[in-house]
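Report on the structure
Listed here are the chains, written in short residue letters.
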Amino acid sequence: GLARELAAFAARLSPFALTLSSVGIFPAHDNVIFLGVTPTPRLLAVNGEFHGFFGKYTVAQREHYQTGRWVPHCTLAFGLSDDMLAGAIEVCRRTPLPLHSRIEEIGVAEVSPSSARLLCSYKLKG
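Presented here is a report on the structure given in the accompanying data block. (Residues numbered from 1 in each chain as written. Predicted model: local features only at pLDDT ≥ 70, side-chain atom pairs only at ≥ 80, totals over all residues. Heavy atoms only, no water.)

Next up on the list: the sheet that holds strand β2 (residues 32-37). Strand order in the open sheet made by the four strands is β3-β2-β1-β4, with antiparallel pairing throughout. Each of the sheet's edge strands pairs with one partner strand only, and the pair in question is β3 (73-77) and β4 (99-103). The average angle at which neighbouring strand axes cross in this sheet is 40°, direction not considered. Across five bridges, strand β1 (residues 16-26) lies against β4 in antiparallel orientation. Bridging from a neighbouring strand, Leu20 pairs with Leu99 of β4. Here helix α3 (residues 82-93) sits on the sheet in contact with β1, β2 and β3, set at roughly 30° to β2. (Pairing = 2+ DSSP bridges. Helix = DSSP H or I, 4+ residues; strand = E, 2+ residues; numbered from the N terminus. Axes fitted to C-alpha atoms, helices over the stretch in contact; angles between N-to-C directions. Contact = heavy atoms within 4.5 Å.)

On to the environment of Glu90, then. One can find Glu90 in helix α3. For Glu90, the side chain forms a polar contact with the side chain of Arg93, separated by 2.8 Å. Reaching out from Glu90, the side chain makes a polar contact with the side chain of Arg94 at a distance of 3.4 Å. (Polar contact = N/O pair within 3.5 Å; in protein donor to acceptor, adjacent residues only side chain to side chain.)

It is worth spelling out helix α2 (residues 41-54) at this point. Here α2 spans 20 Å end to end across 14 residues, near enough to the 20 Å set by a 1.5 Å rise per residue. Within α2 the residues assigned to the buried category are Leu43, Val46, Asn47, His51 and Phe54. Angular distribution of buried residues about the axis of α2 spans 135°; they occupy a single face of the element. Seen from the open side of α2, the exposed residues pointing more than 90 degrees away from its buried face are Pro41 and Gly52. Residues of α2 that are buried sit in contact with α1 (2-12), β1 and β2. (Expected span 1.5 Å × (residues − 1). Buried < 20%, exposed > 50% of the residue type's maximum accessible area, 1.4 Å probe, protein only. Arc of directions from axis to C-beta.)

Summed over the entire model, instances satisfying the criterion amount to seven salt bridges. One salt bridge connects Arg94 with Glu90, and the closest N-O pair in it is separated by 3.4 Å. Look at Arg94 and you get exposed, because its relative accessible area is 58%. According to the relative accessible area criterion, Glu90 is partly exposed, its value standing at 33%. Between Glu105 and Lys123 there is a salt bridge, and its shortest N-O distance comes to 3.5 Å. One end of the pair, Glu105, is in strand β5 (residues 105-112); the other, Lys123, is in strand β6 (residues 115-123), and 18 residues separate them in sequence. What emerges from the salt-bridge pattern is a single network uniting Glu90, Arg93 and Arg94. (Salt bridge = Lys/Arg side-chain N within 4 Å of Asp/Glu carboxyl O.)

What follows is the structure, given as structure tokens:
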């Protein structure tokens, strides 16, 4: 059911711009390093629509993803040791920001500290 509903959700959305503008960490959460996303009205609206559409599938949610508390970001790595985190920060410091991109599809992935597997993906069509 989730995949079918995600396809319908994606069909309602049109592609939109996304800017990665900063480097950040969630140190209390498995040493996560991420690129921060500049919040825009469009991004926040899509996030709100997503939660309204898929809230029924939520069992537990990390605070950084909760509506009203969401920290828009693109996770680069998690589960890093302190030394690995320091190295990752140094690499990211050399990355020229901002990075401009475009959201053109939405999907579901299964991730762990050592792998990622795309389960399904749908192009935005709206």
